[in-house]
Amino acid sequence: AQHILGMMFSQGNGAPKDEDKALQWTLLAAEGGLVNAQFSAGTMYFEGRGTAVNETRALYWYAQAAMQGDASAQMILARMYSEGVGV
């Protein structure tokens, strides 16, 4: 439910568009271990949505999702390491 609220705030779908609240709810879900929320948190930090761009935090959340087997996170993480982004 936390991740869904985050998506609703991020997209302005069913809730007012608010990237700060979107990140707050997404992080709650990510910290609870939800792989989709971990990937979303990585993306939000990488793109600076609801926060300043933070490649180190993006790397952390992509790594969390990758360790749970998320193939997209694994690919992004590999690219980040390859290009020295966030490391």
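Cut-offs used in this document
- Residues numbered from 1 in each chain as written.
- Predicted model: local features only at pLDDT ≥ 70, side-chain atom pairs only at ≥ 80, totals over all residues.
- Heavy atoms only, no water.
- Axes fitted to C-alpha atoms, helices over the stretch in contact; angles between N-to-C directions.
- Helix = DSSP H or I, 4+ residues; strand = E, 2+ residues; numbered from the N terminus.
- Parallel < 35°, antiparallel > 145°, perpendicular 65-115°, else oblique.
- Left-handed = near helix turned anticlockwise from the far one by under 90°.
- Contact = heavy atoms within 4.5 Å.
- Nonpolar A, V, L, I, M, F, W, Y, C, P; charged D, E, K, R; others polar.
- Core = buried A, V, L, I, M, F, W, Y, C linked by side-chain atoms within 4.5 Å.
- Buried < 20%, exposed > 50% of the residue type's maximum accessible area, 1.4 Å probe, protein only.

Asks: Would you mind going over the packing of helix α2 (residues 19-31) against helix α3 (residues 35-47) with me for this structure?
Replies: For any two helices packed against each other, one specifies the inter-axial angle together with the distance between the axes. Relative orientation of the contacting elements α2 and α3 amounts to 140°, with a least axis distance of 8 Å. Relative to α3, α2 is oriented oblique. For α2 against α3, the interelement crossing comes out left-handed. Residues Glu19, Ala22, Leu23, Thr26, Leu27, Ala29 and Ala30 of α2 touch α3, and the partners they reach there are Ala37, Gln38, Ser40, Ala41, Met44 and Tyr45. Counted by class, the contact of α2 with α3 contains nine nonpolar, three polar and one charged residues.

Asks: Would you mind showing me how to read the nonpolar core here?
Replies: Soluble globular proteins: nonpolar side chains tend toward being buried together. Membership of the largest hydrophobic core comes to 22 residues, with the highest contact counts inside it found for Leu27, Tyr45, Trp61, Tyr62, Leu77 and Met80. Going through the elements one at a time, α2, α3, α4 (55-67) and α5 (71-83) are the ones with two or more residues in this core. The greatest single-element share of this core, amounting to seven residues, is contributed by α4. What Tyr45 contacts, discounting residues up to four positions off in sequence, is Leu23, Leu27, Thr51, Ala52, Val53, Asn54, Arg57, Ala58 and Trp61.

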